[in-house]
Amino acid sequence: MKNFLLTLTAILALTIINADLIAQNGRVEGRVFDATSNEPLPFANVVVRGTTIGATTDFDGKFKIVGLNPGFVILEATYVGYKNAVSAEVLISNTKIEYVEIAMTSTGLNLDEVEVRANPFERTEESPLSLQKLGVSEIETSPGSNRDISRVIQSLPGVGTGLSFRNDIIIRGGGPSEATFFLDGVQIPTINHFATQGSSGGPVGILNADFISAVDFYSGAFPANRGNALSGVFEFTQKEGNKEKPRFRASVGASELSLTADGPAGDKSSYIFSVRRSYLQFLFDALGLPFLPTFNDYQLKWKTRFDKRNELTIVSIGSLDQFRLNTGIDNPTEDQEYILSFLPVNEQWSYAIGAVYRHFKPNSFQTIVLSRNMLNNISYKYPENDESQSRILDYDSQEIENKLRFENNIRYRDYKFVYMLGAEYAKYFNSTRQLQFVSNELQQIDYRSDLELWKFQGSAQLSRSFLNDRLMLSAGLRTDANTYAARMQNPLNQLSPRLSASYVLSEKWAMTFNTGRYFQLPAYTTLGFRDNSGVLVNKLNDLDYIGSNHVIGGIQFIPQQDVFFSAEVFYKNYFNYPFSVRDSVSLANKGADFGVVGAEEVISDGTGRAYGFELLNRTRLKSGLNLILSYTYVRSEFSDKSDNLIASSWDFRHIVALTATQNLKRNWIIGAKWRFNGGLPYTPFDPDKSSLVEAWDAQGGPYLDFSRFNQLRFGQFHQLDVRVDKKYFFDRWSLMLYMDIQNLYNFKAEQQDNLIREKDVNGNFILTDGGTRYKLRGIPNTAGTVLPTIGIMVEF
């Protein structure tokens, strides 16, 4: 047996050592086509960026490039009368043929009027600024992210983070609920497991990195056909299934096991499908942590090309999350007892499924999107986790949306015109029984809410180039309406105009500008909140759409093809923000914690502003260096109960993000990410209210002192993550390994001290004032530790 193990180890070692000597068998195939009509472009030149290796397309626009070294590549296409175009980044291996599609846009100009170079950082006509793109290598090898898309996007400029163990998306000083997400054109409500209902965050992302080929992130200048966002729009593009034969990828990540399969389904279709399951509950139990989360998810994409004029894409994503308390810990510490005292049990599942049909004509294409998504969220809490007592929290909620959207994208010479019409039917259910201590008395919240409403959208956007493509103007108009309240039914109240402009000063310099007004519907938790008599109190309070006016100006400098610099100044003015009647704070300050946000009485008179500037450098060199360096100065302020603007919970002031990876020989990749955030404001606990036995027992923990809202500020946060990747490419399979170390120098982020109840020598809580108050004590609370992880991926 010993000799067998030694022999097996030696064979494996020799196999891995010799993996780098395998012939260059990588191959990529694809097609080049007109972006508007889908017509093939014959005799287009396609080359691997940074090399002279390439091919010419045939009469069907198809090409084939063989003999490639395994690794990440980008293809560049050139064609007479069209702007040069670059493909999405792909990973070449020996085990399968990669299929790449390159869409090209006509210049609409005479051949000698202008030369348009392909740029990996190119923006769109509608969004000439505040748009960033991420490719597959940046997703796969992002340090500190462990292939979690929700963490990868934290490398983008202007994106701040709240707690280090959550994926809240806070963009340019806006709240964590101000972004919207699209997956291959299908709008999805959340991208995180254990999602905070009414917001965007959670501890772990749902999207599987095996699927994602590119991410487009808008922090402003939103296209008119993308609505219900105030600070950010994310477009996730998924890979297509392998067209040659079925392939599989098995992965062991930092928190989960996954299996992905893709392949052809007949001559015209392909699929890619994955399932994942976490093993966090076993790890957390072994470490003695007070909570035990388990998540499961699936992801699917099916694409059928009926002919060159018609295609259908079906996408779906779903999750099943279970969160229980580890009440069996022997001799729990004070920290463990504190967490167990207030943390509820949470059970959540969600799904989204959509079909995208696209029809192409000579100068236009039409898109129809039909989708449905649902969230089911259950949360409950027993006093002291004693199930023999009545629950102090019993929450059950569902959100269901059915959506239909039609878009028409037309190009004619120098003009681009896009219009959209959409309708949604939404249902919301909520059953809540909860104890609350408000105005120095114990109250029982007990209501059931069933809400149905229709929503309608429409938009149009016209773009045109002038002065031989040096000046680009784009003007758009959008409106939204719904049947919730009379004011919201009038589409004129939600008119959302926008204007973008860019002017090329020289071959290397350009100026950009955008202004626009954007609207977002308040969360269903707010729309459907009722008092104990069943009245929709927020409807009576004239709840309205949240609005924000943006003004952004910038300058861009591109000294060479793969190096990009930009500077932008931005100003966002908020109005109609929901304002908490109970806590006298804007809901913009909430949402970066677990639970539910917005299920309370509000009024729509909150205001706010966020302003600052952003500096960015993106570099992608042929030597293999990939760099994203950004600095954002941002001030974020929202109104208090006296209508004065005060620092919000997202007033970072300074955000620095540096992500760098370097490709080395023999398929090694090293990378590092360093993040710096200015200290955020916070609200201290109210020890007087928290010490009351009735108050503490109602929610199992201390209360914030909203009379001192955000009057204190944490220290600065910074963290260094490093990662090393090694890839082995064999003839029939590939092995990919990585080691990732988060928080390399073990930075401890300052947190507010936890308030705990003191005990006597017998383990009983000490009471004062005739048994009406607990004796409280603060214990230090920090977040952050060195977290090494190893990932293994096998593709065959």
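Look up a bit, the structure's there.
Let us look at the structure shown here.

Calculation notes
Residues numbered from 1 in each chain as written. Predicted model: local features only at pLDDT ≥ 70, side-chain atom pairs only at ≥ 80, totals over all residues. Heavy atoms only, no water. Helix = DSSP H or I, 4+ residues; strand = E, 2+ residues; numbered from the N terminus. Rg over C-alpha atoms; globule rule 2.2 N^0.38 Å. Buried < 20%, exposed > 50% of the residue type's maximum accessible area, 1.4 Å probe, protein only. Contact = heavy atoms within 4.5 Å. Areas by Shrake-Rupley, 256 points an atom, 1.4 Å probe, with all protein chains shown as cover. Polar contact = N/O pair within 3.5 Å; in protein donor to acceptor, adjacent residues only side chain to side chain. Salt bridge = Lys/Arg side-chain N within 4 Å of Asp/Glu carboxyl O. Pairing = 2+ DSSP bridges.

1. Some remarks on the overall build of the chain
Here comes step 1: Check the secondary structure of the chain and you find 10 helices and 49 strands.
Here comes step 2: Taken over the C-alpha trace, the chain has a radius of gyration of 27 Å; the compact-globule value for 796 residues is 28 Å, and the two agree within 12%.
Here comes step 3: With 796 residues in all, the chain has 57% of them scored as buried.
Here comes step 4: Excluding contacts between residues fewer than 6 apart, the proportion of contacts in the chain whose partners are at least 24 apart in sequence is 66%.
Here comes step 5: A total of about 32900 Å² of accessible surface is found on the chain, and carbon and sulfur atoms cover 57% of it.

2. Quick notes on the side chain of N576
Here comes step 1: Checked against the element boundaries, N576 lands in strand β33 (residues 563–580).
Here comes step 2: Of note is the side chain of N576, whose polar atom sits 3.3 Å from the backbone oxygen of Y545.
Here comes step 3: Excluding residues within four positions of it along the chain, N576 makes contact with D544, Y545, I546, G547, S604 and G606.

3. Some thoughts on unusual backbone geometry
Here comes step 1: Although it is not a glycine, F43 adopts a positive phi angle of roughly 65°.
Here comes step 2: Looking at the element boundaries, F43 is found in the loop between β1 (26–34) and β2 (45–48).

4. What about the pattern of salt bridges?
Here comes step 1: In this structure the tally under the stated criterion is 58 salt bridges.
Here comes step 2: Here E795 and R249 are joined by a salt bridge, their closest N and O atoms 3.2 Å apart. Taken together, the residues span a long stretch of sequence, with E795 in strand β49 (residues 787–795) and R249 in strand β19 (residues 247–252) at a distance of 546 residues. Across the pair, exposure class does not vary: E795 and R249 are buried alike.

5. Re the pairing of strand β28 (residues 441–466)
Here comes step 1: Examined bridge by bridge, strand β27 (residues 415–438) and β28 share 24 bridges and lie antiparallel to one another. Within the sheet, the bridge partner assigned to F417 lies in β28 and is L462.
Here comes step 2: Following β27, the chain reverses through two residues before pairing antiparallel with β28; S439 in that reversal takes a positive phi of roughly 55°.
Here comes step 3: As paired strands, β28 and strand β29 (residues 471–482) are joined by 12 bridges and run antiparallel to one another.

6. Brief notes about the sheet that holds strand β3 (residues 54–56)
Here comes step 1: Reading across from one edge, β3-β2-β6-β7 is the order of the four strands in this open sheet, with antiparallel pairing throughout. Among the strands making up the open sheet, the edge pair consists of β3 and β7 (85–86).
Here comes step 2: Relative to β3, β2 runs antiparallel, the two being bridged by three bridges. Residue pairing for β3: V47 is matched across the bridge by G54.

7. A short note on helix α5 (residues 334–342)
Here comes step 1: Within the span of α5, buried status applies to Q336, Y338, L340 and S341.
Here comes step 2: Along its buried surface, α5 packs onto β23 (310–325), β25 (364–381) and β44 (754–757).

8. Looking at the pairing of strand β20 (residues 256–264)
Here comes step 1: Across six bridges, the pairing between β19 and β20 is antiparallel. Each bridged residue has a counterpart across the sheet, and for R249 the counterpart in β20 is T260.
Here comes step 2: Pairing of β20 with strand β21 (residues 269–278), which is carried by nine bridges, proceeds in the antiparallel orientation. Paired with G263 across the two strands is Y271, which belongs to β21.
Here comes step 3: Turn length for the β20-β21 hairpin, with the two strands adjacent in sequence and antiparallel, is four residues, and the turn residue G266 shows positive phi of about 85°.

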